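# A look at the structure
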Number of protein chains: 2
Amino acid sequence: MARRYAILGTGALGGFYGARLARAGLDVHFLLHGDFRYVREHGLMVESKDGDFVLPRVQAYGDIRDMPPCEVVLVALKTTHNHLLPGLLPLVVAERGVVVMMQNGLGSEEAAAKVVPEREILAGLCFLCSNKVGPGHIRHLDYGTVRLAKYAADGRPAGTSDSMRALVQDFTSAGIRADLSDDLGLARWQKLVWNVPMSGLSVVLDADTRELMANLETRALAEAMMREVVAGARVCGRQIREDFVQKMIDMTLAMAPYQASMKIDFDQKKPMELESIYGNPVRAASGAMPLVEMLYRQLEFLDDRNRSA
Amino acid sequence: MARRYAILGTGALGGFYGARLARAGLDVHFLLHGDFRYVREHGLMVESKDGDFVLPRVQAYGDIRDMPPCEVVLVALKTTHNHLLPGLLPLVVAERGVVVMMQNGLGSEEAAAKVVPEREILAGLCFLCSNKVGPGHIRHLDYGTVRLAKYAADGRPAGTSDSMRALVQDFTSAGIRADLSDDLGLARWQKLVWNVPMSGLSVVLDADTRELMANLETRALAEAMMREVVAGARVCGRQIREDFVQKMIDMTLAMAPYQASMKIDFDQKKPMELESIYGNPVRAASGAMPLVEMLYRQLEFLDDRNRSA
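Residues numbered from 1 in each chain as written. Chains lettered and ligands numbered in written order. Predicted model: local features only at pLDDT ≥ 70, side-chain atom pairs only at ≥ 80, totals over all residues.

Let's shift gears to the relation of the copies chain B and chain A. Superposing chain B onto chain A requires a rotation of 180° together with a translation of 0.0 Å along the rotation axis, leaving an RMSD of 0.0 Å. Those values place the two copies in the arrangement expected of a two-fold rotation axis. No C-alpha of chain B lies nearer the rotation axis than that of Leu291(B), which sits 3.1 Å from it. (Least-squares fit on C-alpha atoms with pLDDT ≥ 70 in both.)

In structure tokens form, the structure reads like this:
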């Protein structure tokens, strides 16, 4: 029997990957909130640089209690909604199911492990530029690789597993590039190298990635913060090579102008993912990231004002 | 013969002090730019917590070449206009005249000394909350003390002079509190303790002093930056006591909400005084102010965009 997939959070990210999997014929069940009625009637639409497509009918749910048990649960909620996990995961993960936390920053797998400690928990790190532009309507701009890594309660590298390899097979069959990391901590910190400076600076300075790179001051600032993240990773026992920072800068220079998802959340007056992308890493780095800490404080100020407005 | 005063730059600061001196019967000559015609016809109006007053006729000039030689030249231009000093100071400073640089940050006295090296040059540090709200119309919100300090080319404490004491006498007679510092470097760095965090954060976060203090994250950030300025002063051989930071925080908490002048410049799309308040101190502190440097870079980005818009 084929693996049944649940997508928790059918937005820019969950909607994109879920639609790709469903298009490939996999059995995908989508949990929605605001867009539920629309998607139940009209399905999902994906505009993508790899080709547009529409799924006029998808298995859409507005209530987790209506979903069948799923062998693979892809969690694509914002981390600001992780307080909902206790009311979601136990109701949808099948007996020998696996939970894949497709979220930003640090702390997602720990949050899932608290709720379903007996299940296999993976990180699914998404290198994806995509936005939700309307109900059930996703615009995929660039990239799309998913990197899978296994969570272990002791925080140490946990190697790879059969279920990870099976997932790579499914993803590949759906045209999603996927690879494996044997060290979740390293993979998460590497991803933060880009995310930490670019997300926060784009909010504080109201700028997209191209503007931040075009100005030599903010480019130097982004680089300095990237080096701090490398130092933070080292505090957590993860070695990121020095030339990784330059690679991230070069990649950003080559990228199309992009609004980080945190910027979109902020502009829409939604809460930003500050704890996963800033708070948890800053605390884990115990003082090794002073500039990042300053950005975190600036963002907390803006988030407070945004939410009280 | 009474000392003749020149005010170069009749705005929120020069207009306020000049009007006070003129009201006290001193011989004050005002250089204006945009407001020249208006002020020549209507004079100056000061709204002040110490009492409003109008000077219907003042000695106003639109061209420095029309001004008489003055024994005291109060320079109240923005530091972003200091490239104009060579065309101004030599034409207006009397033979034994004194130049008082009533500007923010570091580097003003050096700039004046390059132009009129044989004249006595003072810093006039203004602890003043005032805004220009219309042509020739100044609103004085709070404070107003002027601290005078003598410039020496070697950068060392230069003590006090007869002309400084004479100035204190004139200022006092005009209802302006004035005091003397025997160490210009110490006085300038002390003033930066407040100015550096509050000016820049108010621009980057679009906030007034009260909002920045009410939020515990930005208050902690302002404190951290104040401590960096104390460390920067130490690099330049100036000891600021530890409790000075707490005094500045307490003062700001007690203050009426205030828009720093840099914030007003930014909102009006004028160039900000970045070099005097950030660039020169950052370079002088040689690495002791990393958070301040980050703020400087953020401000440079915003200033660039503001001016290209």
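Okay, back to it.
Attention now moves to the interface of chain B and chain A. Facing 16 residues of chain B, the contacting portion of chain A comprises 16 residues. Where the side of chain B that touches chain A is concerned, the elements lending two or more residues are helix H8 (216-235) and helix H12 (290-308) of chain B. The greatest single-element share of the side of chain B that touches chain A, amounting to 9 residues, is contributed by H12(B). Its residues placed into classes, the side of chain B that touches chain A shows 9 nonpolar, 3 polar and 4 charged. (Contact = placed C-beta atoms within 7 Å. Helix = DSSP H or I, 4+ residues; strand = E, 2+ residues; numbered from the N terminus. Nonpolar A, V, L, I, M, F, W, Y, C, P; charged D, E, K, R; others polar.)

Right, let's get into the domain arrangement of chain A. Residue and element names in this part refer to chain A. In terms of domain boundaries, chain A breaks down into domain 1 (4-182) and domain 2 (186-308). Here domain 1 and domain 2 have C-alpha centroids that lie 24 Å from each other. Listed as interface residues are 19 residues of domain 1 and, on the opposing side, 19 residues of domain 2. Elements supplying a minimum of two residues to the side of domain 1 that touches domain 2: strand S8 (120-134) and strand S9 (137-150). Taken together, the residues of the side of domain 1 that touches domain 2 break down into 7 nonpolar, 9 polar and 3 charged. (Domains from an automatic or database assignment.)

Here we come to unusual backbone geometry. Residue and element names in this part refer to chain A. In the Ramachandran plot, Tyr143 falls in the positive-phi region, its phi being about 60° despite a non-glycine side chain. By the element assignment, Tyr143 lies in strand S9. Look at Ser286: it is not a glycine, yet its phi comes out positive at around 30°. Examined against the element boundaries, Ser286 turns out to sit in the loop between helix H11 (274-284) and helix H12 (290-308). The exposure class of Ser286 is exposed, given the 10 C-beta atoms found within 10 Å. (Buried ≥ 20, exposed ≤ 12 C-beta atoms within 10 Å, placed from the backbone.)

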